[in-house]
Amino acid sequence: MDEHPAITDPRALRALAHPIRLALLEALGVLGTATATRCAEVIGESVASCSFHLRTLAEYGFIERAPSHTREKPWRLAKPVQSIASTAETTPMGNALAEVFLEKEFARLRAWRGRMESEPEEWKNASLVLGATLWMTPTELSEFREFLRSMVMGYLDRVEKAELRPEGARPVRLFMASSAEHYPEPADDAATQA
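Residues numbered from 1 in each chain as written. Predicted model: local features only at pLDDT ≥ 70, side-chain atom pairs only at ≥ 80, totals over all residues. Heavy atoms only, no water.

## Some words on the environment of Ala 98
Convention followed: Numbering of helices and strands runs from the N terminus; a helix is a DSSP stretch of H or I covering at least four residues, while a strand is a stretch of E covering at least two.
Following the sequence through the fold, Ala 98 ends up in helix α5 (residues 91-115). As for Ala 98 and Ala 17, which are separated by 81 residues in sequence, their C-alpha atoms are 7.8 Å apart.

In structure tokens, the structure reads:
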């Protein structure tokens, strides 16, 4: 059975397709557990707004209450990985979510590029922006995707277990995407000579 089943409920996708909710999921991924107050500090929104959006995320099973020995009521991710099923029912909401997600990722990359000069040399040298056009079959691309996914999964336990984070580690955002390109076929020589 798939350890990270794809989201198939269009209503759940609609719940995710909101910049504040994506920011909250990311904050919980970095912080491990956090109250609405702490989330508000991290993402720069009001506590009331964060409380509302956290409850919405919980309603669709993206987050859950974390155990607490105090009066505070922290939240945590219910699952460390989310993926979207591509079906006729999920496509419209999946597309809306993808647009919000891409805007957030591009803004993050622009912000990183803007502050990169103030970062330590080791972090500047370790970062990457890469583009490549390769010739691949769908099977090869799927295998490549699974290879990259397995590499990411190798570091996932550090999200929930701070004691596994090496000294000097800090949150690093990875954004990976692929797109099958379409180039027009060359014009027929006989047609171009006529």
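## What about the pattern of salt bridges?
The condition is simple: Salt bridges are identified by distance alone: a Lys or Arg side-chain nitrogen within 4 Å of an Asp or Glu carboxyl oxygen. Relative accessibility under 20% of the residue-type maximum defines a buried residue, over 50% an exposed one, and the middle range a partly exposed one, all with a 1.4 Å probe and only protein chains included.
Going through the model one piece at a time under the given rule, you end up with eleven salt bridges. For Lys 124, the salt bridge goes to Glu 117, with nearest N and O atoms at 3.6 Å. Between Glu 121 and Lys 124 there is a salt bridge, with its nearest N and O atoms 3.3 Å apart. You can see Glu 121 and its partner Lys 124 sitting in helix α6 (residues 121-126), three residues apart, about one turn around the helix. Residue classification places Glu 121 among the partly exposed positions, given a relative accessible area of 48%. Its relative accessible area of 15% is what places Lys 124 among the buried residues. By sharing partners, the salt bridges in this structure join Glu 26, Lys 104, Glu 105, Arg 108 and Arg 173 into a single network.

## Quick word on the packing of helix α3 (residues 36-43) against helix α4 (residues 47-59)
The condition that has to hold: Inter-axis angles, ranging from 0 to 180 degrees, are taken between N-to-C directions of lines fitted to C-alpha atoms, where helices are fitted over the stretch in contact. Should an angle fall under 35 degrees it is taken as roughly parallel, and over 145 as roughly antiparallel, whereas 65 to 115 is taken as roughly perpendicular and any remaining angle as oblique. A crossing counts as left-handed when the near helix is turned anticlockwise from the far one by less than a right angle, and as right-handed when that turn is clockwise. It only takes one pair of heavy atoms within 4.5 Å for two residues to be counted as in contact.
For the pair α3 and α4, interaxial distance at closest approach is 8 Å and the crossing angle is 110°. For the element pair α3 / α4, the angle class is roughly perpendicular. Handedness of the α3/α4 crossing: right-handed. The residues of α4 that touch α3, namely those facing Ala 36, Thr 37, Cys 39, Ala 40 and Ile 43, are Val 47, Cys 50, Ser 51 and Leu 54.

## Here we look at α3
Selection rule: An arc is given here, and it is the one of the directions from the helix axis to the C-beta atoms.
Here α3 has its buried residues at Ala 36, Cys 39 and Ala 40. Buried residues along α3 cover an arc of 105° about the axis, so they all sit on one side. Packing partners of the buried residues in α3 comprise α2 (19-31), β1 (33-34) and α4. Residue Gly 44 follows α3 closely and has a positive phi angle near 75°.

## Re the environment of Pro 67
For Pro 67, the location among the structural elements is in the loop between β2 (63-65) and β3 (75-77). Sequence-wise, Pro 67 and Thr 33 are 34 residues apart; in three dimensions their C-alpha atoms are separated by 9.3 Å. Excluding residues within four positions of it along the chain, Pro 67 makes contact with Pro 74 and Arg 76.

## Quick look at the state of the cysteines
The line we're drawing: A pair of sulfur atoms, both from cysteines and within 2.5 Å, is called a disulfide here.
Counted under the stated rule, the structure contains zero disulfides. This cysteine, Cys 39, is not joined by any disulfide, and Cys 50 carries the nearest cysteine sulfur, 5.9 Å off. On the basis of relative accessible area, Cys 50 is assigned to the buried category, the value being 0%.

## Here's the deal with the packing of aromatic side chains
The criterion, for reference: Note on aromatic pairs: the rings of Phe, Tyr and Trp (six-membered ring only in Trp) are paired at centre separations within 6.5 Å, and the planes decide the class, stacked below 30 degrees, edge-to-face beyond 60, tilted for the rest.
Throughout the structure, instances matching the rule amount to two aromatic pairs. Residues Phe 101 and Phe 175 carry aromatic rings whose centres are separated by 5.9 Å and whose planes lie at 55° to one another, so their mutual orientation is tilted. Taken together, the positions of Phe 101 in helix α5 and Phe 175 in the loop between α8 (157-160) and α9 (189-193) put the pair 74 residues apart, joining distant regions of the chain. Classification of Phe 101 as partly exposed rests on a relative accessible area of 30%. Look at Phe 175 and you get partly exposed, because its relative accessible area is 27%. Centre to centre, the rings of Phe 106 and Phe 175 are 6.1 Å apart; their planes meet at 90°, and the pair counts as edge-to-face.

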